Amino acid sequence: MTIKLVVSGLTLNIISAYAPQIGLDQEVKRRFWEDLDEMVRGISHTEKLFIGGDFNCHIGGTPVGYDNVHDGFGFGDRNEGGTSLLDFSRAFDLVIANSSFPKKREHLVTF
């Protein structure tokens, strides 16, 4: 889902995304990333972009190889979905916000 807002002359694009879960077919996951890619490519570089949602992945606790999008405040080990999210973020010069701020240990896992 996408919404575009114009606030004081600034255009904000907000995308809400819910990635396929781990057990789903690879084709479903591929289509999700292609659709999100197409959505983001359709947004002008002069506009702001915020993507929020559940990407059903783990980016891990260390930013190894992804220092420009991951500040190292994640949790656990990176999985395949986490690598996809990190690659996507790097391709579009995005930052993963929940890895940008230190959290109390009990707040790292929310499920």
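One can find the structure itself at the top, above this paragraph.
Everything numeric in this text was worked out from a predicted model, so none of it was measured.

Re the nonpolar core
Right, on to step 1. Ranked by internal contacts, the top residues of the largest apolar core, which has 19 residues, are Phe-32, Trp-33, Leu-36, Phe-55, Leu-85 and Phe-88.
Right, on to step 2. If you list the elements that add at least two residues to this core, you get strand 2 (10-18), helix 1 (26-41) and helix 2 (80-91).
Right, on to step 3. The dominant element in this core, judged by the number of residues it contributes, is helix 1, at 4 residues.
Right, on to step 4. In contact with Leu-85, other than residues within four places in its own chain, are Trp-33, Phe-55, Cys-57, Ile-59 and Ile-96.

Overview of the pattern of salt bridges
Pairing between side chains of opposite charge can happen when their charged atoms approach one another.
Right, on to step 1. Tallied over the entire structure, the rule returns 6 salt bridges.
Right, on to step 2. For Glu-47, the salt bridge goes to Lys-4, with nearest N and O atoms at 3.1 Å. With Glu-47 in the loop between helix 1 and strand 3 (48-54) and Lys-4 in strand 1 (residues 2-7), this pair connects stretches of sequence that are 43 residues apart.
Right, on to step 3. With a shortest N-O distance of 2.3 Å, Arg-30 and Glu-34 are connected by a salt bridge. Of the two residues, Arg-30 and Glu-34 both sit in helix 1, 4 residues apart, roughly one turn of that helix.
Right, on to step 4. When salt bridges with common partners are traced through the structure, they connect Glu-27, Arg-30, Arg-31 and Glu-34 into a single cluster.

Regarding the layout of surface pockets
Right, on to step 1. There is about 190 Å³ of room inside the second largest pocket.
Right, on to step 2. Lys-29, Trp-33, Glu-80, Gly-81 and Ser-84 are the residues nearest the centre of the second largest pocket, which is lined by 13 residues in total.
Right, on to step 3. Elements supplying a minimum of two residues to the lining of the second largest pocket: helix 1 and helix 2.
Right, on to step 4. No other element matches the 4 residues that helix 1 contributes to the lining of the second largest pocket.
Right, on to step 5. Considered class by class, the residues forming the lining of the second largest pocket number 6 nonpolar, 5 polar and 2 charged.

Description of the pairing of strand 3
Right, on to step 1. Bridge count for strand 2 against strand 3 is 7 bridges, and the pairing is parallel. The residue of strand 3 that forms the bridge with Ser-16 is Gly-52.
Right, on to step 2. Taken together, strand 2, helix 1 and strand 3 constitute a β-α-β crossover, and its handedness is right-handed.

Focus: unusual backbone geometry
Right, on to step 1. Residue Ser-8 is not a glycine yet carries a positive backbone phi of 50°.
Right, on to step 2. Tracing the chain through its elements places Ser-8 in the loop between strand 1 and strand 2.

The rules behind each value
- Residues numbered from 1 in each chain as written.
- Predicted model: local features only at pLDDT ≥ 70, side-chain atom pairs only at ≥ 80, totals over all residues.
- Heavy atoms only, no water.
- Core = buried A, V, L, I, M, F, W, Y, C linked by side-chain atoms within 4.5 Å.
- Buried < 20%, exposed > 50% of the residue type's maximum accessible area, 1.4 Å probe, protein only.
- Helix = DSSP H or I, 4+ residues; strand = E, 2+ residues; numbered from the N terminus.
- Contact = heavy atoms within 4.5 Å.
- Salt bridge = Lys/Arg side-chain N within 4 Å of Asp/Glu carboxyl O.
- 1 Å grid on protein atoms, 1.4 Å probe; cavity = no way out; pocket = protein on both sides within 12 Å on 5 of 7 lines; lining within 4 Å.
- Points joined across faces, edges and corners; volume = space filled by probe spheres on them.
- Nonpolar A, V, L, I, M, F, W, Y, C, P; charged D, E, K, R; others polar.
- Pairing = 2+ DSSP bridges.
- Right-handed = clockwise from strand over helix to strand, strands pointing away.

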